[in-house]
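Each chain, letter by letter, is given below.
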Amino acid sequence: MDTKVQKPQDLLQKPQESKLVANMRAIKNKIIIMSGKGGVGKSTVAANLAAQLARKGFKVGLLDSDIHGPSIPKMFGIEDKRPEVDEKGIVPVSVTDNLKVMSIALLIEDKDSPVIWRGPAKMAAIKQFLEDVSWGKLDYLIVDLPPGTGDEPLSIAQLIEVIDGAVVVTTPQDMALVSVRKSITFAHMLKVPVIGIVENMSVITCPHCDEKVYLFSKGGVEKASRDFGVPVLASLPMDPELAEIEDSGKVHILDANATEWSKEFTKIVDSVVGFKKQV
């Protein structure tokens, strides 16, 4: 009887880790940006966080995992660029020396064509973004999640396995706060530490008399903060200038002290950078 016997040196070999695990191991901090509902400015927070971290000298990757409504490439003025492919995989598009971006929008020729995919196709694309994209060694991978707590956020959490922190974005009105409480609970269920809550569109300042106008209800974000023991990282005002900067694709050149909005935003950046020291 012919019996195959393993050689001693074969027994000493470590099992080869998957490409996905190897990719994630090369990234020091994986941060997800999430919200319970759409339209609260989650992508704005993700884009500006990645841009300001890169300006500080960190090596940053930004993954736009919103398959149906990708907006990140537009904010950086790279919507007409296409990723290249080398021997290591798909090469994300470089915005600056320290910032690279990947999005489904960079793979679609016609900007007006909708992505009509069911769950399995979306999950396969997200896995490919994490596994086959050559992110290289990064200080931060910022993942802009689609709104809600469905397939995409769950897949990201399961594929990355160890997520270093989550930033939850909301607006002050009660409808958004109902959803943000669910997002925090979702993160806790997946054992993802919540860095804090960002209150977006908190106030608008009249350009004529400087009076502050609160368009939504007040106090709800602070209550959610107390209920869950999660800090409020910043209260970002409405800023028409920011919308112009995003529409013109210049988020990466917005100076941290250029506007009141960007000054307030530095609190979020500082909280993310300092978060690892607190856990």
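None of the values given here were measured: they were computed from a predicted structure.

Conventions and cut-offs
- Residues numbered from 1 in each chain as written.
- Predicted model: local features only at pLDDT ≥ 70, side-chain atom pairs only at ≥ 80, totals over all residues.
- Heavy atoms only, no water.
- pLDDT = per-residue confidence, 0-100.
- Helix = DSSP H or I, 4+ residues; strand = E, 2+ residues; numbered from the N terminus.
- Pairing = 2+ DSSP bridges.
- Axes fitted to C-alpha atoms, helices over the stretch in contact; angles between N-to-C directions.
- Contact = heavy atoms within 4.5 Å.
- Buried < 20%, exposed > 50% of the residue type's maximum accessible area, 1.4 Å probe, protein only.
- Arc of directions from axis to C-beta.
- Phe/Tyr/Trp six-rings, centres within 6.5 Å; stacked < 30°, edge-to-face > 60°.
- Salt bridge = Lys/Arg side-chain N within 4 Å of Asp/Glu carboxyl O.
- Core = buried A, V, L, I, M, F, W, Y, C linked by side-chain atoms within 4.5 Å.

1. Considering the confidence of the model for the protein chain
For the protein chain, per-residue confidence averages 86 on the pLDDT scale, and residues scoring 70 or more make up 92% of the total. No element of the protein chain has a lower mean pLDDT than helix H1 (residues 8–12), which averages 48, and none a higher one than strand S7 (residues 138–144), which averages 98.

2. Considering the sheet that holds strand S5 (residues 93–96)
Strand pairing in a sheet takes place through backbone hydrogen bonds and is either antiparallel or parallel in direction. An order of S5-S6-S2-S7-S1-S8-S9-S12 is seen for the eight strands of this open sheet, with the pairing classed as mixed. Pairing within the sheet leaves two strands with one partner each, and these edge strands are S5 and strand S12 (232–235). Across the sheet, the mean angle separating the axes of adjacent strands is 20° when strand polarity is ignored. Pairing geometry for strand S2 (residues 60–64) and S7, over five bridges, is parallel. Directly across from Val60, in S7, lies its bridge partner Tyr140. Relative to the sheet, helix H8 (residues 220–228) contacts strand S8 (165–170), strand S9 (194–199) and S12, its axis offset from that of S9 by approximately 170°. Contacts between helix H10 (residues 260–275) and the sheet are confined to strand S1 (27–34), S7, S8, S9 and S12, with S12 contributing the most and set at about 160° to the helix.

3. Description of the side chain of Thr44
Along the chain, Thr44 falls in helix H3 (residues 42–55). The contact partners of Thr44, leaving out residues within four places of it in the chain, are Met75, Leu242, Glu246 and Trp261.

4. Looking at H8
Of the positions making up H8, those classed as buried are Val221, Ala224 and Ser225. All buried residues of H8 fall inside an arc of 105° around its axis, so they share one side.

5. With respect to the packing of aromatic side chains
Tallied over the entire structure, the rule returns two aromatic pairs. With 5.3 Å between their ring centres and 85° between their planes, Phe58 and Tyr140 make a pair best called edge-to-face. Taken together, the residues span a long stretch of sequence, with Phe58 in the loop between H3 and S2 and Tyr140 in strand S7 at a distance of 82 residues. On the basis of an interplanar angle of 20° and a centroid distance of 5.0 Å, the ring pair of Trp261 and Phe265 is categorised as stacked. Here Phe265 and Trp261 lie together in helix H10, a separation of four residues that amounts to about one turn. Both residues of the pair, Trp261 and Phe265, count as buried.

6. A few points about the pattern of salt bridges
For the coordinates displayed, the defined rule picks out eleven salt bridges. Salt-bridge contacts for Lys28 lead to Asp139; the nearest nitrogen and oxygen are separated by 3.4 Å. Residue Lys28 is located in strand S1, and its partner Asp139 is located in strand S7; the two are separated by 111 residues in the primary sequence. Using a relative accessible area of 58% as the deciding quantity, one classes Lys28 as exposed.

7. With respect to the nonpolar core
Of all hydrophobic cores here, the largest spans 41 residues; its most connected members are Ile33, Leu62, Phe76 and Ile142. Ranked by the residues each element gives to this core, the list is headed by H3, at eight residues. Residues within four places of Ile33 in sequence aside, it is in contact with Lys42, Val45, Ala46, Leu49, Ile142, Val143, Asp144, Leu145, Val167 and Val169.

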